Amino acid sequence: YVIFAAVLAGGLLNNKLFIRTVLGQSVQLPDAAWRVLTWRWAGFFLALAVANEFVWRSFSTNIWVAFKVWGVFPLTLLFALAQTPFIVRHQIEGNAPSAEQ
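Residues numbered from 1 in each chain as written. Predicted model: local features only at pLDDT ≥ 70, side-chain atom pairs only at ≥ 80, totals over all residues. Heavy atoms only, no water.

Draft legend 1. A look at a nonpolar patch on the surface. Together, Phe 73, Leu 77, Leu 78 and Leu 81 give the surface a local cluster of nonpolar side chains, amounting to about 440 Å² of exposed area. Assignment of secondary structure puts Leu 77 in helix H4 (residues 61–82). The exposure class assigned to Leu 77 is partly exposed, which follows from its relative accessible area of 44%. (Patch = residues over 30% accessible without salt bridge, like charges linked within 9 Å, V, L, I, M, F, W, Y side chains within 5 Å. Areas by Shrake-Rupley, 256 points an atom, 1.4 Å probe, with all protein chains shown as cover. Salt bridge = Lys/Arg side-chain N within 4 Å of Asp/Glu carboxyl O. Helix = DSSP H or I, 4+ residues; strand = E, 2+ residues; numbered from the N terminus. Buried < 20%, exposed > 50% of the residue type's maximum accessible area, 1.4 Å probe, protein only.)

Here it is in structure tokens:
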């Protein structure tokens, strides 16, 4: 998770928007919104790294594995869904096909 956070933050520092590379075909946002979204995801991955370390060091291996399997995916899904209002608010409506096409 630290590597994901570092890649996203490092990309921003080098003017690379990796989130846009992944989602740019389906979502059109201004660069400023892509930057905010990238910082949010980098922070989320950093928080996951901290949570992973806490669970790994504080609980048994079985609980840590259960956290990795049953905890991380729902947390990621919830975080992604929480970003939906931001994406909708900043969406660029120019290239969307019309209902008649």
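Draft legend 2. How the structure looks around the environment of Val 88. Note that Val 88 resides in helix H5 (residues 84–90). Its relative accessible area of 59% is what places Val 88 among the exposed residues. Separated by 27 residues in sequence, Val 88 and Thr 61 have C-alpha atoms that sit 40 Å apart.

Draft legend 3. Representation of helix H1 (residues 2–13) in the model. The terminal C-alpha atoms of H1, which comprises 12 residues, lie 16 Å apart, in line with the 16 Å expected from a rise of 1.5 Å per residue. All of the buried residues in H1 are Ala 5, Leu 8, Ala 9, Gly 11 and Leu 12. Axial view of H1: buried residues confined to an arc of 155°, hence all on one face. Along H1, exposed side chains directed more than 90 degrees from the buried face belong to Ile 3 and Leu 13. For H1, the elements touching its buried residues are helix H2 (18–23) and helix H3 (31–58). With its phi angle positive at about 55°, Asn 15 sits one or two positions after the end of H1. (Expected span 1.5 Å × (residues − 1). Arc of directions from axis to C-beta. Contact = heavy atoms within 4.5 Å.)

Fair warning: the whole summary comes from geometry, so function is off the table for now.
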